[in-house]
Structure formats: structure tokens, C-alpha cells
Amino acid sequence: MSIRGMKMNEIQDLIKKLDDNEFKTPVSVDEDYLYYEDLKDKYVKILLHFGEAKDKKFLEELNEIKENVLTAIQDYYTGNLKDACEKIEKIVERLKRRKLIVDDVDSHFIFKWIISEQGVRKEENIRQVNLYKARIGEGVESFKAADMVHIPFNKRGLITTQRFSIAGLPCMYLATSTYCCWKELGMPADNKFNVSYVKLENIKLFNLAVNLNFLKDEKIKETNFNDYSITSDSFLKEYFMLWMLNLACSYTVKEKNRNFKSEYIVPQLIMLALKRNDIDGVIYCSRRIDEEPSNLWLMPKNLNVAIIGKYEKEECEKIPLKNHMHITDSVNYNEFKQLNSKGIKKKDDANSDIWTDRLNGVQIAGEYHPYFETEFYNFEEYIKTLGN
């Protein structure tokens, strides 16, 4: 059976049989050394599981991703950084060919999908993608817009290692909600939480926002992929390969006081590969927010965007990324809450947008709440007015 011969129902049935508990992301392990062993074990189980399909070409592609990822990690451990980079870049170059995976922020498939409960329809135009940048401050203070972008290169000594960024090479981290910003920063006190509204322009993003709930969604069968020159069968295969890569980026490690983090190896290598391929950044699901089987496949409030910092060698104090965004001065959350809340109007369903839909919500204090009922919703509505 060829890769084209394996039908969507068969692929999706196999995906649905994968254990939700075992493959739920983010995956948590106790110690750093367990990251590689657990990922390897999961990859082996996935390949054995898909062996039932008897689709030789598809299995070969899955195995190639498995081997390249695992070997890249081992190369990194042993100091063969060039080989590690090449192996991850090979995967990125294979996947980037699809507009479904790499596209401009304002026309990206993953944002279009979130808008429509029935998937992407040809006549549907994407609405504005609202993003937020947060920063912790000491005491009640706000930051100017210029202070809310990434650290300039002439201050690279302040840049620490993060999941998608290497020490000394900055990334700008954004989120699709103030709630996600708050979670990513470790749920800071209100008086330390500062947020700006961000609108990106001409930024090309690689999508890693995919999980099993999405791949199991029956709406995929109803989606029209003609605009992307791909069948639903091929789409599901491409996105399952993407999920295989994303799995390696979706670990958290409980071990404290580590100077080295194995779970950051693949995400950082992906960012280096994107930089070499003229792709500006990545979309991914927050690792601070657990998936819940009862929720939708992807919560619009739980997406992050990481954009690679660029600079001109002769002018390292400048930040070219500013030319591709509109960003407001920040608003302090505690200061905002002193406003008269009656002055903040809550939208009804008919007027809700991509990030404030009644169907979307968050978990607070262990309970699920429609997003429009939260104070984070009001905070966003206020911040957005500053950007208009």
C-alpha cells in the first residue's frame, strides 16, 4: 500500500487508538536523563502501532523523523553540534514545503482552523490575530513599547536560555491571551504583571501547535484543503509527522536547579533551522497548561509565538523586528483592576472574535470557565483599545 493509498479513515482510526494518557502533552518526567529514554520509548511504541497500517512509505517517513530526532539529541550530548543541527534541519526542510505548516501570521492555517468550528472553508477570511507580550516588573509600573520587545544584542549578556532560544540569541515570546502570558510567567502577583498588545506584520511562522485531540477531530474529514493543494489523507499524514517532531518539544522536567535542560535541545535546534530557512518563528502550545480531554482539541487561549531576534552587525543596539509589529505601551494588571469595571463592555456571542469565543475557555482554580467570564478577558478588551 502506497502513502497515497492509505485512506484518512484508516489513519485517523490508528491515531484514535493511541493512549490519551500516555501521549498527552506536555509530558512530564522526574529527572533530566529520563527525557531521552521516555521520548525514545514513545517513538518505538508509535512505530509499532502504525506498523498495523502496512503502509511502507508512511512508516519510513515516521521512522526517519524518529531516527533524526533521537540521533540529533545524542549528537548534541556528545558535542557534535553540526551533525545535530543538520538532522533537525532535514526534518524542517521536509515539512516547511506545506503552506499548511509554514505561512504568514495573518493567513496561517492554524489560526483559520480555530476561527471555524467546521474547519477551514474556502470563503472564510481570517480575522485579526491578537497577540500579547508580558513582562514582570517590581511593584506597580508600566513599560514603554520599546521596552517590551526582545533584549537588544548589545545587551546579550542578559539573555538566558529558554525553550526556543539559546543564551545570547534572543527570541520574542508572545501569547494569544493575557491568561497564557500569566501562566508562562509563573502566575505573578497582579502588581508585577505588565502586558502590551501586539499586532505582527509580514512574519512567517512554522506551526508546532498540534496535539492528538486535533488529529482525532472528526471535523478534519469535512475540511476543504483544495486551497492548499493537498488531500485530507495527505494532510493527516503531514500533521502526524509534525506531531512526532512536536512531541520532542513537549516535555517538562521536575528536577530542580539544573544548568542544562535536555528538553530544550530539539526546540532550540528547530529555531536555528528556521533561521537558516528564512522563517521568522514558531507557533506552539503552552507547556504550562495541561491538555484536558473534556476541552476542545486546541484552546485558542493557550498558544505561544516565539519570534527569532534579528540584528544588523553594525548596529547591534537596534531591533529590526520593530519594523514588523505594532506594540503598545504595557498596562499593569493591578492598575487596570482599579478601573471601573462597568466601563468594560463584554461582548455577546454574535460579536465575539477568534480569541473571545464562548466555546473557548480556561481552567482556573481547577474549574473550567468560559473565557469571557474571566478578568483576563476584560484586561484584553482594554489593552486592545490602546492598539486601535
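From a predicted model like this one, the values you see are computed outputs, not experimental measurements.

Participant: Would you explain empty space enclosed by the protein in this entry?
Facilitator: Where empty space is left in the structure can be found by rolling a water-sized probe over the atoms. Applying the stated criterion across every chain, the model contains 1 cavity of 30 Å³ or more. Its volume calculated, the largest cavity comes out at about 50 Å³. Lining of the largest cavity is provided by F164, S165, I166, L169, C171, Q268, M271, L272, K275 and I308. For the lining of the largest cavity, the leading source of residues is helix 10 (residues 265-276), giving 4 residues. The class makeup of the residues in the lining of the largest cavity is 7 nonpolar, 2 polar and 1 charged.

Participant: Sorry if this is basic, but what is going on with the pattern of salt bridges here?
Facilitator: Should the charged atoms of two oppositely charged side chains come close, the side chains can pair. The tally for this structure, following the rule as stated, stands at 19 salt bridges. Of the charged contacts in the structure, one is a salt bridge between K199 and D106, with a shortest N-O distance of 3.0 Å. One end of the pair, K199, is in strand 5 (residues 193-200); the other, D106, is in the loop between strand 2 (102-104) and helix 6 (109-115), and 93 residues separate them in sequence. Among the charged side chains, a network of salt bridges with common partners joins E61, R94, R98 and E238.

Participant: Could you clarify how one ought to interpret the packing of helix 4 (residues 56-77) against helix 9 (residues 232-247) in this entry?
Facilitator: Describing two packed helices takes the angle between their axes plus the distance from one axis to the other. Their axes nearest at 10 Å, the elements helix 4 and helix 9 cross at an angle of 20 degrees. Regarding the angle of helix 4 to helix 9, the classification is roughly parallel. When you trace helix 4 past helix 9, the crossing you get is right-handed. Seen from helix 4, the contacting residues are F58, E61, L62, I65, K66 and V69; seen from helix 9, they are K237, F240, M241, M244 and L245. Residue classes in the contact of helix 4 with helix 9 are distributed as 8 nonpolar, no polar and 3 charged.

Parameters and conventions
Think of each chain on its own: its residues are numbered from 1, step by step along the sequence as written. Reporting in this predicted model follows two pLDDT cut-offs: at least 70 for local features of residues, and 80 or more for side-chain atom pairs to be given and counted; totals over whole chains, interfaces and linings ignore these cut-offs and use all residues. Calculation of side-chain values draws on the structure's entire complement of heavy atoms; hydrogens and water are dropped beforehand. Definitions used for this entry: grid spacing 1 Å over protein atoms alone; cavity, a set of points where a 1.4 Å probe fits but cannot get out; pocket, an open set with protein on both sides within 12 Å along at least 5 of 7 lines; lining residue, one with an atom within 4 Å of a point. Grid points are joined across faces, edges and corners, and a volume is the space filled by probe spheres set on the points. A run of H or I in DSSP becomes a helix once it reaches four residues, and a run of E becomes a strand once it reaches two; helices and strands are each numbered from the N terminus. Lys, Arg, Asp and Glu make up the charged group, whereas Ala, Val, Leu, Ile, Met, Phe, Trp, Tyr, Cys and Pro make up the nonpolar group; the residues left over, Gly among them, are polar. Salt bridges are identified by distance alone: a Lys or Arg side-chain nitrogen within 4 Å of an Asp or Glu carboxyl oxygen. Orientation is described by axes fitted as lines to C-alpha atoms, over the contacting stretch for helices, and by angles from 0 to 180 degrees between their N-to-C directions. Put simply, angles under 35 degrees are roughly parallel, angles over 145 are roughly antiparallel, angles from 65 to 115 are roughly perpendicular, and the rest are oblique. Working rule for handedness: look at the near helix, and if it is turned counterclockwise from the far one by less than a right angle, call the crossing left-handed; if clockwise, right-handed. Residue contacts are counted whenever heavy atoms from the two residues lie within 4.5 Å of one another.

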